[in-house]
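# Residue-level structural notes
Chain by chain, the residues run as shown.
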Amino acid sequence: MSGGLLEKAKQVSGDSDDDVGAAADEVIAKSLDPVGSSAPFGLSGSTARTAGFGLFGLSLAAIFALPYMDWFPFFGWVVLGMLVASGYLTSIYVKFGMNSGSSVRPVQWSAIVVGWLVLSSGVWMIGMETDSGGILLTDGQVHEDDNTVTLMLRHSSGSLLGSTWEGGNVDVSVTQDGLETWSGAINVMMNQEDMIGPYGILTLQISDFYADSAIQIDGFTSLGLVNTVEHPYTVSVTLDGETTTQVLPTLELARNIDDVDEEAYGQVGDNNCEAGYTTCVEYVEIRGWVGMGIESADEDTTPIRVRADYTLDMSFGLDGEESSIDQKTITVSGTEASWDAGDCAGGSMDITVDNSGFIFKCNSQYQFSPDVALSDSNGDREYGCYALTLIATQEGTEVASSTSYYMFEHDSSSSEGETYHSETFESTESC
């Protein structure tokens, strides 16, 4: 080197050969030292080790939990990804925590792979079982428009990396209070998908399995109120030896009518009265209640609301005579009621949505004029005892009826040669 860089350095600096040589040797030695590097993503060696073991622990926990999560599609790939990530983070720990930034040597890679295989092989094999898989039944909904129940059916194979079931026949049974009300095979197509994964729709006709109301009355509470008890329907689906169940909503499957109540109210005032009347009946309001009840509490309680298919017939007129109101039969489906034109125009309304009570409508008004409710065909007021009757019918059979009575009376008095008239409308026990 004396003829090269060392000689030039010597000529410039004027130093001796020994001093310049020592300096050059130091520079060369430093240039041969390993160049340090930093861990990716800002991870230190200890952080990478902690993250790697944390992911590995989560992977093992996920595999052990797989029997309870096997409806989740491709969950095995998630577990595998977590194991690979934990192995990678361990290699970062080896590189930057043990090798001072030097690459992981082949023997170290071998140790990492063998160690991870030994640690995870047992539980991994648990997840690799090739059993029949798992099924999940959810989201039982009652559709009153077509009287059906639909449920979502999901499936995942028992293998971590297995594929899902693509559809076919499943065995279905419906029970109430432990007693089977229907069973059969239903074909389910797994042709829909959401963010969780593919699913199929299982449809049941309510008329096939319905036996008794899903809400029933059982005596009274300690406060003297009617005690309601739920008797829900449970749907069970079996596929390749695996069974899943779902309890159906109770309100929509409470469909037995056995109680109706009624009440008439006459608004008495001085508006729109005929000449000479100080007070008169301005309008008549007729209320009804329909649902489930108990006879011993009929006077103190109103029926429990239900959602069913039935008809209601209402008559209101002088006791022993035809109804003064020509109210056509009201047809109810679930909560939707409709009727044809009579004395009032045909119409519709929702009933038993929040409770079992409702008010009869006439020409979009929740009241009947005296000319319709309290007059004869000539429009003349008919005084006397009126009977209000409400009848409920299901499947052609009368299931409940009730009648109440009201006195519609006229009074007159004279003073200073003038005659004054007035009307009253009050309930009475009987006519």
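Residues numbered from 1 in each chain as written. Predicted model: local features only at pLDDT ≥ 70, side-chain atom pairs only at ≥ 80, totals over all residues. Heavy atoms only, no water.

### Some points on the layout of surface pockets
There is about 570 Å³ of room inside the largest pocket. Lining the largest pocket are 22 residues; nearest its centre among them are E262, E299, T403, S404 and Y406. A total of six residues in the lining of the largest pocket trace back to one element, the largest contributor, which is strand β11 (residues 259–269). What the second largest pocket holds in volume is close to 340 Å³. As for the second largest pocket, its lining consists of N147, I206, S207, Y210, A211, R255, N256, A308, D309, Q394 and E395. Among the secondary structure elements, those contributing two or more residues to the lining of the second largest pocket are α6 (206–209) and β13 (308–318). The class makeup of the residues in the lining of the second largest pocket is four nonpolar, four polar and three charged. (1 Å grid on protein atoms, 1.4 Å probe; cavity = no way out; pocket = protein on both sides within 12 Å on 5 of 7 lines; lining within 4 Å. Points joined across faces, edges and corners; volume = space filled by probe spheres on them. Helix = DSSP H or I, 4+ residues; strand = E, 2+ residues; numbered from the N terminus. Nonpolar A, V, L, I, M, F, W, Y, C, P; charged D, E, K, R; others polar.)

### Topic: the sheet that holds strand β12 (residues 280–291)
Read from one edge of the open sheet, three strands run β11-β12-β17, paired in antiparallel fashion. Looking at strand neighbours, the two that pair on one side only are β11 and β17 (357–359), the edges of this open sheet. Each strand of the sheet is rotated relative to its neighbour by a mean of 25°, with strand direction disregarded. (Pairing = 2+ DSSP bridges. Axes fitted to C-alpha atoms, helices over the stretch in contact; angles between N-to-C directions.)

### A short note on the pattern of salt bridges
Using the criterion set out here, one finds five salt bridges in the structure. The closest approach of N and O atoms between E144 and R307, which form a salt bridge, is 3.8 Å. With a gap of 163 residues between them, E144 in the loop between β1 (134–143) and β2 (148–156) and R307 in the loop between β12 and β13 connect regions that are remote in the sequence. With a shortest N-O distance of 2.9 Å, R381 and E423 are connected by a salt bridge. Residue R381 is found in the loop between α7 (370–373) and β18 (384–394), and its partner E423 is found in strand β20 (residues 418–428); the two are separated by 42 residues along the sequence. Taking the relative accessible area as the measure of exposure, R381 reaches 22% and is therefore partly exposed. (Salt bridge = Lys/Arg side-chain N within 4 Å of Asp/Glu carboxyl O. Buried < 20%, exposed > 50% of the residue type's maximum accessible area, 1.4 Å probe, protein only.)

### Some words on the pairing of strand β19 (residues 397–415)
Alignment of β18 against β19, held across eleven bridges, turns out to be antiparallel. Bridge assignment links T393 to a residue of β19, and that residue is E398. A loop of two residues connects β18 with β19, the two strands running antiparallel in sequence, and E395 in this loop sits at a positive phi of about 50°. The pairing of β19 with β20 spans eleven bridges and is antiparallel. Of the residues in β20, the one forming a bridge with M407 is E426.

### Description of the packing of aromatic side chains
The geometry of an aromatic ring pair is captured by two quantities: the separation of the ring centres and the angle between the planes. A full pass over the atoms with the stated rule returns nine aromatic pairs. Considering the side-chain rings of Y383 and F408, the 4.6 Å spacing of their centres and the 35° angle between planes classify their relative orientation as tilted. Taken together, the residues Y383 in the loop between α7 and β18 and F408 in strand β19 connect sequence positions 25 residues apart. On the basis of relative accessibility, which here comes to 30%, the residue Y383 falls in the partly exposed class. (Phe/Tyr/Trp six-rings, centres within 6.5 Å; stacked < 30°, edge-to-face > 60°.)

### So, the state of the cysteines
Two cysteines, two sulfur atoms, one covalent bond between them: this is a disulfide. One pass over the full model with this rule turns up three disulfides. Here C273 pairs with C280 through a disulfide, and the sulfurs are 2.0 Å apart. Taking the sign of the torsion about the S-S bond as the criterion, the disulfide between C273 and C280, at about -85°, is left-handed. Given a relative accessible area of 3%, C280 falls into the buried group. What pairs with C344 in a disulfide is C362, and their sulfur atoms sit 1.8 Å apart. A torsion of -90° about the S-S bond marks the disulfide between C344 and C362 as left-handed. (Disulfide = S-S within 2.5 Å.)

### What to know about the environment of T302
You can see T302 is positioned in the loop between β12 and β13. Separated by eleven residues in the primary sequence, T302 and G291 have C-alpha atoms spaced 8.5 Å apart. Non-local contacts of T302, meaning those with residues more than four positions away in its chain, are made with D261, W289 and S356. (Contact = heavy atoms within 4.5 Å.)

### Comments concerning the nonpolar core
By size, the foremost hydrophobic cluster in this structure holds 41 residues, and its most contacted members are I286, L312, F316, F368 and L374. Contributing elements (two or more residues each) for this core: β11, β12, β13, β14 (330–334), β15 (336–339), α7, β18 and β19. It is β13 that contributes the most residues to this core, six residues altogether. Beyond its immediate chain neighbours, meaning those up to four positions away, F316 contacts A264, I286, S323, S324, I325, A373, L374, Y386, A387, L388, Y406 and F425. (Core = buried A, V, L, I, M, F, W, Y, C linked by side-chain atoms within 4.5 Å.)

### Overview of unusual backbone geometry
Although it is not a glycine, D177 adopts a positive phi angle of roughly 55°. Relative to the helices and strands, D177 resides in the loop between β3 (167–176) and β4 (179–189).

### Some words on the side chain of S404
Note that S404 resides in strand β19. In this structure S404 comes out as buried when scored by relative accessible area, which is 14%. At a separation of 2.8 Å, a polar atom in the side chain of S404 contacts the side chain of E262. Here Y406 takes part through its side chain, which lies 2.7 Å from a polar atom of the side chain of S404. For S404, the contacting residues outside a window of four places in its chain are E262, Y386, A387 and L388. (Polar contact = N/O pair within 3.5 Å; in protein donor to acceptor, adjacent residues only side chain to side chain.)

### Brief notes about the confidence of the model for the protein
Considering every residue of the protein, the mean pLDDT works out to 79; 69% of them sit at 70 or more. Considering only residues more than four positions removed or in separate chains, one finds that residues 27–36, a stretch of pLDDT under 50, has zero contacts. The low-confidence segment residues 66–71 (pLDDT under 50) makes 13 contacts with residues lying over four places distant or belonging to another chain. (pLDDT = per-residue confidence, 0-100.)

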